[in-house]
Each structure stands twice: as C-alpha cells, then as structure tokens.
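Tertiary structure, described
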Amino acid sequence: MLSRNASRIRIVQAAASIRICHLRYISAITNSSPSAGLTSGGNFPIINTILEDLKQKRHEPEYPSIHSKTFSEINPKDFENISDDLRVEKAWSSDYDPVTRSPLAKDVSHLSSLLDGLLSSGNFDRAFRVLTSIYPLLSNHDSFVDSVNRYIEQWSVQESVSIQEVELFLKDIQRKYNIYLNDRTYAIVLSKYMSSNGSYISYLNKFSNQTKQKIFSHVEILGIDELSRIFEDPSITEKCVPIDLIETYREVNRTSVDAEREEAERPQYFEGGNKEEAPIIEKDATNLLPVDSFGLKVIRHTLLGLKDQGGSIEIEKFLENIESDLKTHLLHNTSNIKKDYFEFYKSLKTSEQQRAFNKGLDLFNEGRQRQLEIRGVDGAREKWKHEFDLMQKRGTVNLSKGLNAQLYQWYKDLLPLVQAEVEKCKLLLGEIESDQILSKDDIKTNKDREHYAPYFVLVPPEKMCVISILELVKLNSTGGIVNGMRTARALLSVGRAIELEYKSQSLLQSDRKRFSKKLKTTKQWKQMLRRKNPSSALEDSEWTHSVQAKLGGALIRPLISVAKVPVYGTNPTTGEKVTGIQSAFHHTYQYLNGQKLGVLKIHKNVSDQLGGNKFSNSVQPQLLPMLVPPQRWEGYNRGGYLYTPSNIVRVKDSPETLAYLRAASKRGTLDDVYDGLNVLGETAWTVNRELFDVISHHWNTGEEFLDIPPVTKDAELPDAPPVDAEPKVKLDYQRKMKVLLNEVASIKSQRCDMNYKLEIARGFIGERIFFPHNVDFRGRAYPISPHFNHLGNDLTRSLFLFWEGKELGEVGLRWLKIQLANVYGVDKAPFDERVEFVEKNLENVFESATNPYKPNSWWHKAEKPWQALGVCFELNKAYKLDDPTKFVSHIPIHQDGTCNGLQHYAALGGDFEGAKQVNLVPADRPQDVYKYVASLVQKRVDEEADSGNKYAVFLKDKINRKVVKQTVMTNVYGVTFVGASAQIKKQIDHYFPKDGEEDPSEYARYLTLHVFASIRELFEGAHHIQDWLGEAAKRISKSVRMEEKPGDVKVNHLSSVIWTTPIGLPCVQPYRIPKTQLIKTKLQDISITDPLGINQVDPRKQQIAFPPNFVHSLDATHMLMTSKACGEAGLSFAAVHDSYWTHARDVETMNAEIRNQFVKLHSSNLVQQLKEEFEARYNNFLQVIHVPVDHPVVKEVKDIRRSIVQKIKRALTIGDEIHLEKQRRIMLASNNPEAVEEGKNMETTISVTEKYDLYSVAIGTTGFPVLVPLKFPDIPERGGFDVETVKQSPYFFS
Amino acid sequence: MSLARCVNPHLQKLFLKNSSRFQNTFKSITNEESCQSIIDKLDLRSKYPNSQNLDIVDVFPGYGLLSSMINMELKPRNHVIMEYSKTHVLEWTEKIEHLKEVTSNKENFVLCQRDGWSWEAYDQMIKEDKIIDPQIKPRDKIHDELLVIGNLSPPKFGEPLIAQWIMCCAFGNWLQKYGRVRMICLVPVATAQKFLAGSGFFKRNKSSVKRELYTNAKLIAVTEPKDVIDSKGIGYDPRLIIRDQPVLIKRENTIPANAEFAVLELEPKLIDAAVVEDHEHVLQQLFISSSRVVREMLTYIAVGAEEDLPAVLPDHILDKQVKELSLEDWQTLFKSYDNWPFKPSYIDRLDILQDDTRVF
C-alpha cells in the first residue's frame, strides 16, 4: 500500500515536471525568446527554459528537527508548514524497488514510540497532541489511520469514554484529516459497542459480509468471548466468518448431534469449575494459568488412558512430581531435583503412547513457555529471594556463598529508588498530582527526565530492577573489557531490554482476549493458542537509541549507588586489616589504544563468582530455548518466540534491509525462506544428560580439562623491574604483563561464557526444546537463542540430542560408526575405512562409555572428544542389545560439505578439476583440496628453485597441506593478499631464528603469490566469476543516481549492492558510512551510530564483501532448500551452515536431498540472473570514470560544458550535469512529440559518452573524469563441468 | 658582521648554504643573534664552569646553528651529534669533515649515527661506541658534566618524546641515571603551551602537572606567533611569559620559514621515584575531566575512592577543579592516596583490551 503510493507520487512528480517544462515551452514560444539551445543554431525552447532555470538559485526547505524533542515540547502547530518536498519518500537504493524511506522517518519513529508509550500509560491528552503531530509528517496520509487506531484502541476501553464519544471522535478525525477508516477501526468500535451494551448488531450490519470477515479477524481486539456472543446472533451467517474462526462459529451454533459427540470425547474433569482435578500451580494465578492446569489435565488424561498397558503407578508418580515441582520452579532442574520428561518419554513402549505424550506435553508446555517468556524475570527474582531468605536465616548474606542472595540485596535496595523515579516521571507526565514540592535538584533534572519519562512508566519498577541487574551481569567481560563492559553497551542493552519487556507485555495484553473460559476442547485451545499475533502495530514504534540510552542511564545510575560488596584491605602504614564496602558496579574511564573509553566495571569479587565453579543461577530468561515449537514464520516480523518480537533477518542498525524485507514480505516472496526456517524450528531437541554429567563433573573440579577452561586465580606475574630500570625494560615488562593478563582474562571470560551455556543446559535437562531460527542478511540461518544452541563448540554440540528417537537399522548403525570416525578425526578416508576404524576400536568405545572419567581415556584423544563420547555412549548401548540395529538412536549425524564455498564456486564456474577436488565428482576416496593445492604450489616452487630463486630454494621442502589450508579456505571469502600472507607467515615462522637476518614476511609473501596463483589455476572459471562479482559491486557502490540537484557540487553514492536469492530473499549489503550522534545520559555522554541518518555507502566494504556474501547467500539457499525438502520427507533436520544433521537411519535420505537441491540450485545460470537483476535495479544510474585526457570524448564533454557555462553564466556543477541529463531523459520519455524531438536533439555531457565504450579505456583516478551510464561487464564463460554428476558423488557432503 | 659572540666562523659558510635540504619536520633557528640571546638567557657558562669535562648529547640537531653556538660557548669535551636520517647525517658528516680540516675538530663534535627515538641508542653510544663515559653524580645537585640538547620540534614525535624524557627525570633512568641532567629542548608550540601551563590555566593537563612535579622548567624562547591574537598571551600561560620573559624569535629566522616552536630548559627535581607510578594513575584518572571538581572525579581513580578519600582530604582541595590544583594540593592528594588501604594494585590499573570471546 505504502510502496504503491510512493511510486505513484514519483510518477506524478515526473509528469508534473514534464508539464512545467511544457508550460514554459509554450511561454517560450509566445515570448519568442532568442534561441539558446545546447546544440548550435537550433530553436529549443524547453532546453532554454531548463537552462534558464539552472540560473536560479534554489532554497532548500527547512528541516524541522522533531526527533530530539521531548513530549512536552511537541506542538502539532509547529509541523503544519512542512513542505511537500520534505515529505516525499525517496528510494533507498534504487527506484526499481518499491522500497522507500521518508526523510522524516526518524521523526515519525520518535513520535510513534512516544504515542505508544503515552497511550500505554493512559496519557490521552498528551498522546492526542502527538497523534495530531504525526499527520503532517506522513508522506502517505492514508497510513495515518494506523496511528488513529492505536489511539482509539487504548482510549476507547476507558470506562469513562462512551461509545458516542468514540463515534464523535472518529467523525472529527475523518472530517479534519480526510482519512478512510479501516476494518481495525470498526473492530475497535464494535468492541466498544459490546462492552457498553450498545446495539452492536445494528452497527455490524452496516458492513458487507467481506468487511465483517475482516472485522472478525481482529480477535485480539474483540476477544473470543465477544466473538462468541456475536456469532450467536442469527443475522450473522457463516459467510461473514473468516475461515479460521469457522470452527468457533460452528461450535457456538452447533447442532445437538455434534454436541453429544464432543461430550463423549471430553472427560468429565475438563468441565470448567471442576477445581479438584485442576492443580493450582501458583496462588497469584494470572489469566494464563488455566492454560497450565488445562495442559496438565490433558497429559494426565492421555497418560492415564494408557493405564491398561502397565506403568500406571509410575505415571501417577511422575505426574505428582511435575505438579509439585511446578509450584516452585518453571524450569524444574534449576532446583536440583531432576524431573526428566525425556527419560519418561523414552520409557513409553509404543509409538502411540509417545504420540499421546508429545501431544499432552505440547499443550502443557504452551503455558510454561508463556510463563518463561513473560514471567521469567520474576522467576529470576524468586530464585534470588529464595537464597537470600535461606542465608538470612543462617546469619549474614555472604557473597562468597552465593551470588544470588547478593543480587537480591541489590534488588531490594534499588527498588525504592526506581519507584521514586517512576513517581517523579508520573508527576512530570501529569499522571498523578502531588503537593509534594519538587527539590531544586528535581527541577534541574526534569528537563532530562522529560526524555525518558514516557517510557519509564511502562514496565513495573520491580521488573525494571531485575532486568537491569541481569543485563549487567550478562555483559560481564564483553567488548574487550576485563571484569566489565563498555558503558555505551551497558546503557543501550538495559534500555533495549526494558523495551523488549514492554513489548512482550503489550503482546500479552493483546493476547489476553484470545483466551476464554468457554473454550472447551483441545482442538479449540490449540487453534487459539497457535493463532498468530498481529505485531504490525509495533512495527514502527521502535524506541530510538537515544531513548534506550537515557533509560539505561536512569536505571544504571541508581544501581551503581546501591549495589555494594564487602571488601578487605590492608592499611599501608599500620599493616592493619581493614574491611570496607565498595560499589559492585563502578563507572570509570580507561585508555585503550590511546582512546578514552567509558567503561562499567564489575567488582572483581563479583566477577570471580561469575566465572567460578558454581552455577550462579543468573540466567537472563529472555531468548532461551523454547519448550514448544516456535511460531511459524509467516511474515518478516512474525514468527519465532511467542511474546518476544523478532525479525526474520537479524540486522543491526540497517533500516534499509528491514524495508526490503517488509516489501518482500508484503509481496509474499519469502515463503521458501519461511518453510526452510520452520523445519529447523520444529526440530525437537533435548539435552544429553549423560554428557552433561561428565561435563559438570569436570567443570566442578575447577581444573582445566580438554576445552573446559580452569578457574583462574590471579596470574603469576613476573617481578616488576626496579623503578629506575631503563624505559625499554619497563615497556617490555608492561607489554608482557598485558599479554599475561589478557590470557587470564580470556580464560575467565571463556569460563563465564561456558558457565552461562551450561546453566541453561542444566535448566533444560529432560525437557523437549526447540530453537526458533532466523537468518543474517545473506540468508544464513542461526538459532535466535544466543547462548545455548547447537552452533557452539564441540562441548556445546555434544549436549544435543534429538528428542525423537529412531531405530538404527543396518544403515543407521553404519552411519553412527562413520559419525564417530568423523568426530574422532578419521574423516579423510573412504567410508569403509572409517567404519573399519571404529570396529577395530569397539573395545575402546565401550571402555570410554563405561568409564568416561578414567584418565587418558580413548575418547580424550578424539579431535572432537565430547561429541565422540556422545557416540560412544550410544554405540555402547546399542551393542548391549542382542541386535544393535534395533537400538533407538537420538544422536544427530553430521554431513559436512568439503570447503562448501569452493563447491559453490566450482559449480558456478564449471571448473572440472576444481569440482573434482572439492568432491563434486564421484571418486573412490574423498579428495583433499588443500593437499592438491599444496601439490600445485610445490610444482611452481620446484621450478623456480631449479632456476635458483632463493625463496624457492629455501621453501621447496616446507610446503604441505597445512601451510596452504587456511588460505585456500578463506580465499572464497575474499581474504586479501596481506591477510593471506599473514596466515602463511604463521605457518612458516618457526623456520626462522628470532632476530635472524632473514625476514619471514618476504618468504610468506613469495609463497602467498604462488598459493593464490595455484588456487586460480584450479578454479579458473570460479575466479573469473569472483572477479566479475567484485567489478559489478564496485560499479554499483560508485554509482550515482539521477537525483542530484542543480548546483550540487558533490555526488552521493547512495546505492547498496542488492540481490535476491533464488528462493526470494532480498539481500542488502548493510555497509554504509556511519553517522554518529552524541547522547547525553545520566552516566556519561555516549557517541553511537545513528541508524536513521541518510548515509553514503561504504564503497570499499561493499566491493570487498560482495563476492563472499553472494556465495554465502547461495550456500544459505542450498541449506534452506534442503531443510524444506527434508522436512517434507519427515526428517528431523538441523544445520550449522554447511554441516547438515539428521538421525543415523535417515542420513541417506538427507544425502539424496542435499545433492538434489544442489543440482536444482545450480541448474540455472545464477550469475546471468544476477546480472539481469542488477541491470533492472540499477537502470538509469550513472558512474564517474576516468578516461585518458587525449580520448576524443574529453573534448566533446568539455565543449558541452563550455557552452552551458556561457549560457547559465556560472560554473557548471556535477549536479547540473545530472539534472540536464535527467531532463533529457524525461523529454525522451514524454508523450509530447515535440518534447521527444527536442530531447533527441539535446546533447548533454553524459549523452555524448554513450557512443564510446569508455569502460574499456578507463584508467585509475588520474585521467579525465566523465559521467557515463552505469553498465555491467559481460559475464565470464563457464567451464565444462556438469553439476548433475554431484548426485553420484558420495563424498560431496560426508 | 654578526653581533653574536658564539658563532663558529668555520661553520658560518656551511650554515649559509641552502637550508632546504633539511627535513622540514625538524624546525631550526637560522639567526645567529637569536641563538645568542638564547644562550645568554640560558647562562650556560656559569652552569658549566668546568666545561672541559662536559659531554653534550645533542639529539636530532638537524640544521644545528644553535647547537654549534652552544658548542662555541661551552667548548665541551665531547659534543655528540645523534642523527639518524640520511640527509642530516650527510650534512653533519660534511660539517665535521670540514672542521677536521680547518680546526682539527677542536670543537669535539662526534657523529653518532643512531636513532635518538630508540632507548637502546644511548646505552649503545656509551657502552658500545664508547663515545662518552659519563660519571654518575650525586642527585642533590644538577649534573655539571652532562647536558642534553634535543630538537623535538616535530609535533608527531616531539610531544611524546619530551613527555617521556620528563618521566625519565622522575624515574632516574635513561641519561638521567647519571644524575640530574639538564635538558635544552626545542618543542612544538602547542606542547610548550600545554606542558608549561600553571595551575588554573585552561591548558593545564596531566603533562603540565608532571612537568611541574618532576622538573624545574623555564620557557627560554618562543617564535613569533602567526596570529596577532595569540600575542596577547592566550597561547601561553601569561604568568609564565611574565616570569620567564622568553626571547622572541622572528618569523623569518626559522627554517622552514614561519615555523613555530619553543625552547625550554628543564632541570630534573630531586624526587622519590618509588611512588611515581602510583601517582601517574591518579593523575591520569583525575584528568579525564580537568574542569570538574575533585570531589566528583575521585570516583574515576578506583572503586571506593569516591567514598573513602573525601574523609581524608580538605574541602578546599575537594572543591577545586582538577586543573586548579596546585603542586601542594597534588602532594596532599597523593599522600592520602598512598595511605588508602584499598588503593588498586598495578594489575588493576593496567588497562588491557582483552580478546572478546563472548558473543551477543
């Protein structure tokens, strides 16, 4: 809607511009002014007028800066005179795409979030002023209705507001602003009619059936109870009901036969009001609690139904356990009592039982998931309080005994301060009246308070306190700061966390109406629960960085003042022991690399706790793994968590990417991306308890073990040199100390990080968990849950099992063995040899599984020991069965691509030998591309050694796979020559004595040349494509749009490289030159990038990054296509970029899909398609290139410039040149034949270049600069490799 | 005929040659009278009465007119010309060769082709090249057999180098290990203005406090300011100009022409080196904002300082802006800090940028 309007505006503009020209043309004729055409002698009135126009000086309209105004400074009158020019939406990167931005976007966004906040806190008068201020800023006034809806949605539910007032209000708005109301408006009014007992049916009957359907779709406004009332009315027929509510409609109006049948299906204790059977979970029951008890009832029902098949006592006991556990803990394992759904699930005998259990668990977990997301913060606080109370009973609160009690102490001390601040904010907002006289200080700080007050009152103070503490604890040792974090990050993170909490609350609020006591059947529940949440209302009310930072400041500042820890010191003069109290958080500045950096340090004593050997229970509940399948992706911002808004593409400060996604989402081209991600999201996992036990055993010792870092004590430091030591000695000492301390700090921070992961893992032991996924801007998928997911290192990966088990069978047993060989490091051999390796080592496998703690165990020596141990456990269990193939396996088997980037390049370039080396071609053994490249390098070096080259002579016996590996691997991703030679230097460094005569860098550079040349030789076609991609990106990032205005002396490069993946995801390279803004906060002023500024692209980054990004977008596409196909085949599927996982018995099905999808992806000419897309998108663009000064075009351009200068009597700017070319093109496209004729005769500095192929003569930046129409080079020829053969290649992914 | 007393007639011709061969980053004085005024102002002869035992270490003399005239004035036992850049080495080789011919180099110039920026160069010059053999003199008075001259006029390294030389005065290392060695330095104007600022002056920063703590410094000469406004004393602390009455070097008397620099004389003070490093931290952290009052800035010294130190500091210090603190105030502050039981250790004060291993 918005985009169509925007393009309409552009068309109207273009037409208007022609019209003006034409009018002037007529007046020019009637005035019969002397001819002044660009081409000599002709009479070209339009051209003359254009030139006449150029003489005029232009005034830029003034830009009102609204985004920095506080709520009290906003006055609708100020914005009334905003010129149309300012409002017109402009294309982000290209007019080709219906993706535009408003120059006032920043202001609209500021006002929208303000409106949102003021409405939530019930400030309707102020909200109204903001509402009416939004109107003049909108480029598309139709969208104003969305803001109006937001207003009345909140306002109309006030009891003091009558339906008449609402109607009157809307009438006024319509009259004043001439807008159309929409179905959402009607739903809000309808709801008001119902709640005030108005004649809602007669209101409804004004609308057509179609509109009624749309109105009813707004379940979050009407609520299921109100809808049921409406559906009871005889005038409402099925035709008025949207499809997903038909069931509900039918139920309301169901026939007695249906009712009876359903009654029979429904056990008695599902009836409402049967309190006895419904376990009360928590006393302060919220609206959501019935869901839990209902779910539990369902589990009970399904499980008890299985009574006859035995195990009923166990079931009873199990259920009792859960019930009692739920009273205290949402994630039960945090209480150290382990309830294991997974063990229980596995113990169920038949698949029917399992299905029933899964179903029950689904419903049960729906409620828990909501609690996790919504009440998680409270849960954390309860945990703290619990420990605090225990400690108080025992005496004093002691930090060394546990952090939680300490956290609770801070919380308790912070709360009154935050509550007081909330009061002040409310006072300022006029929400409460008080005769309390403000202190001088308050008056002074009120100006500052105005900026955050509307947001500070939205989340309850209790939650804000917990969130602030959790965020800061989470950020410990990030951003390069030892025992602390960068202040800017702390401020923004706390602010953002508050925003997220508020948004979750709002989603919950709008969700409440969807639940009803009247829903009786499982099916209905499920339907209602899974119904997507319309989050569009939140779309454009993102809080600005400024708001986030100021909020953060207002919370962190008081926290610093109250959060204390006890400390011990020694008086230097008396030697006496002294105790004291110090701040737990300390704001200070550090000098890092000569720059002053604001940091927030966490007291060492606290920080030590976080990296210690105890789990600290300080997990931030947001973004944890989910207990239910994620909401399916159905829109670019709809999917994933239930109450935590997330986008399908993870972007940081790139509104352009979001704009493109929004457009694609509206066009409906993202379905394949959704499908692929949904499969990943629906894969059910559980935590491998056996592995967890082994890991936590080693963790708790505090000693280093495999990749578990040790608990760090203070580093053992060398003695300091004497004070009068030579400056160099002192400097060296300092440098050495920094290296040492960095090592210690890094171990500590790794331990912190791992602690976090393990804590989450522990909480989810025995649970069925899911990971919502989204993608980066190239389409690569990642779990949204950031800390604990299957993307981690060996240790983390080993903790993952598929929830579902599948019997191995012969095939599966073989793949289980291959998996062990792979993770053990035997992955270069043919499959049979890998199997053989494991079979030879079976005794070791069994021994590892039975005695995992034995020192120097076989599994320790594996390349990926933890994952190897996981397989050992399974194999051991399998071989304990009479028939190991009957074993039900849960472990994911990995199939990895061989240098996946090169595989895609080889397919693109059609390089046969290259394709062979990365296993695209069937072979008996897996090929090793690194070894092959090393052999090519060897050949080259040998030749040069023969001719006596000193580098070659020295290096010829030192070339091996390892030397070239990293460079080959990173070559695809655009490693530079400098980067590559640094990699190679690392590999050959040890051949050179320290302080020796020879410089190893020279040798590294020499070798790098040959490595590059060898890769090029092997992947020749691929490299031509890489070059082509780089050149195309260069031209785009240096291109100029036809938008420069007359008089502009500088050109702007505003277009990003944008392409669409074969499955429809628009990829926008987010590299622009950032503009920074200074934000004042209570803690310090911070300087951060301004995402909404209009920034030029960063041409260097755009260029360098494009080839690897393009290839990544292809490997991502391949993964998503495979994911979808595997999902359709009923497989459990997971992926870590180019490593695809499934059950052992399904590996071959997955393998077939991996190959099919690869062939499908590469069966069309992707580069040709890319070129066509570029040509369409960047059509009519220009570029500055430099040509030799003696080229004939130079004289022509100069002549034209001179003739124009003579006419306009001022210097000609590049903006003028572009303007003239634009006018020429408008004339050529005109309906007016005379204008077309004149356009044909007009010559501009750009049109004269068209007859030459100037790209072929372009030289650096030393030549003569000319503007030429942007063109792309021809795409290089492909080699003869036929991608179909991949289907037969066993080691392509293996 | 020049009125300057210390001109070496045998070098005069060589100085008159085209000076454009010198690296322009090193500024120099080309006028003999100006150099003479500087030498008179320095009153060197009375400071080095036994100059037959004097070694001069002359770092980056470049064009070197001032150096050659100081040489004439003091007639040292050794005058080490420490030069590293090709052109300057060539120039000085030529000069010394010439002198060898005409005076048998009774001036005692020795070219030491080492990089004065590198700390090792000095020990190598003394221990390996054995060009000079300075004696360690008691620290109760200024060393009278060793003098350092340095042309630190290039802003890019002049400022950091003078700052480090001042620290060497405090630590007693580098050439300062032989005793309290006087230094005569050409420094960039901005550096001189900052480093010599007194308490309360808006350019007061941690370097000027350190200069005041560890040295007695005098502003000997300044170049004529480019801007007339500057001549009102806005650039330099006016108290300094009044106290030191520096020589004014005319704009045309420099290479490159219109160059800007200042000549300083620095004498190390007698101080206790043991606590210098601790104090460096206090200085750095308080000067994070020089215009805020001490009471507010104490927090940046370390956690707890904001709470603990005010109890042991007088209000008149706490209520001063950091830049207003006098030398005595600083001493008081340091004393309280030294006695503070929770003063951070060396490790706590070391700012390191750790490898970021955590991903969010």
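Residues numbered from 1 in each chain as written. Chains lettered and ligands numbered in written order. Predicted model: local features only at pLDDT ≥ 70, side-chain atom pairs only at ≥ 80, totals over all residues. Heavy atoms only, no water.

Here's the deal with the overall build of chain A
Scanning chain A from terminus to terminus reveals 47 helices and 25 strands. Put simply, chain A has 1294 residues, and 57% of those count as buried. Put simply, 73% of the contacts in chain A that link residues at least 6 apart link residues at least 24 apart. (Helix = DSSP H or I, 4+ residues; strand = E, 2+ residues; numbered from the N terminus. Buried < 20%, exposed > 50% of the residue type's maximum accessible area, 1.4 Å probe, protein only. Contact = heavy atoms within 4.5 Å.)

Considering the packing of aromatic side chains
All names here are of chain A. For the structure on display, the rule yields 74 aromatic pairs over all chains. Geometrically, the ring pair formed by Phe1106 and Phe1174 is tilted, given 5.9 Å between the ring centres and 50° between the ring planes. On the criterion of sequence distance, the pair formed by Phe1106 in helix α42 (residues 1099-1128) and Phe1174 in helix α44 (residues 1166-1177) is long-range, its members being 68 residues apart. Neither residue differs from the other here; Phe1106 and Phe1174 are each classed as buried. An aromatic cluster of at least three residues, connected via ring pairs, comprises Trp1059, Phe1106, Phe1110, Phe1174, Tyr1178, Phe1181 and Phe1272. When the ring centre of Trp699 is taken as origin, the NZ or CZ atom of Arg751, which lies over that ring, is 3.6 Å away. The ring of Tyr991 carries the charged tip of Lys958 above its face, separated from the ring centre by 5.2 Å. (Phe/Tyr/Trp six-rings, centres within 6.5 Å; stacked < 30°, edge-to-face > 60°. Lys NZ or Arg CZ within 6 Å of the ring centre and 35° of its normal.)

Thoughts on the pairing of strand β5 (residues 577-583) of chain A
All names here are of chain A. Strand direction decides the pairing type here: strand β4 (residues 564-570) and β5, joined by 7 bridges, are antiparallel. Pairing of Val567 across the sheet is with Gly580, part of β5. Two successive antiparallel strands, β4 and β5, enclose a turn made up of 6 residues, where Gly575 displays a positive phi of approximately 75°. (Pairing = 2+ DSSP bridges.)

A look at the domain arrangement of chain B
Residues and elements named next belong to chain B. Segmenting chain B into domains produces domain 1 (12-271) and domain 2 (274-343). Here the C-alpha centroids of domain 1 and domain 2 sit 33 Å apart. In this assembly, 17 residues from domain 1 lie in contact with 15 residues from domain 2. Buried surface at the junction of domain 1 and domain 2, summed over both partners, amounts to about 1300 Å²; 69% is from carbon and sulfur atoms. Sorting the residues of domain 1 by area buried against domain 2 places Arg204, Lys206 and Leu213 first, and these three jointly supply 36% of that buried surface. With a shortest N-O distance of 2.8 Å, Glu280 and Lys210 are connected by a salt bridge. Where domain 1 meets domain 2, there are 2 residue pairs in polar contact (both at pLDDT 80 or more). Those elements giving two or more residues to the side of domain 1 that touches domain 2 turn out to be α7 (155-171) and α9 (206-214). A breakdown of the residues in the side of domain 1 that touches domain 2 according to their chemical character gives 9 nonpolar, 3 polar and 5 charged. (Domains from an automatic or database assignment. Buried area = accessible area lost by both parts, 1.4 Å probe. Salt bridge = Lys/Arg side-chain N within 4 Å of Asp/Glu carboxyl O. Polar contact = N/O pair within 3.5 Å; in protein donor to acceptor, adjacent residues only side chain to side chain. Nonpolar A, V, L, I, M, F, W, Y, C, P; charged D, E, K, R; others polar.)

Observations concerning the packing of helix α27 (residues 689-701) of chain A against helix α28 (residues 727-763) of chain A
All names here are of chain A. Contact geometry for α27 and α28: axes closest at 12 Å, N-to-C directions at 140°. Crossing handedness for the pair α27 and α28: left-handed. Contacts between α27 and α28 involve Phe692, Ile695 and Trp699 from the first element and Arg751, Met754, Asn755, Leu758, Ala761 and Arg762 from the second. (Axes fitted to C-alpha atoms, helices over the stretch in contact; angles between N-to-C directions. Left-handed = near helix turned anticlockwise from the far one by under 90°.)

Focus on the interface of chain A and chain B
Across the contact, 56 residues belong to chain A and 39 residues belong to chain B. When chain A packs against chain B, the two sides together hide about 4200 Å² of surface, and 57% of this comes from carbon and sulfur. Between chain A and chain B we count 4 salt bridges in total. Of the charged contacts in the structure, one is a salt bridge between B:Glu307 and A:Lys564, with a shortest N-O distance of 3.8 Å. For the side of chain A that touches chain B, the element with the most residues is α28(A), which contributes 16 residues.

Considering the side chain of A:His698
Residue and element names in this part refer to chain A. For His698, the position within the fold is in helix α27. The class for His698 is buried, based on a relative accessible area of 9%. Leave out the neighbours within four places in its chain, and His698 touches Glu703, Phe705, Ile708, Tyr853 and Trp866.

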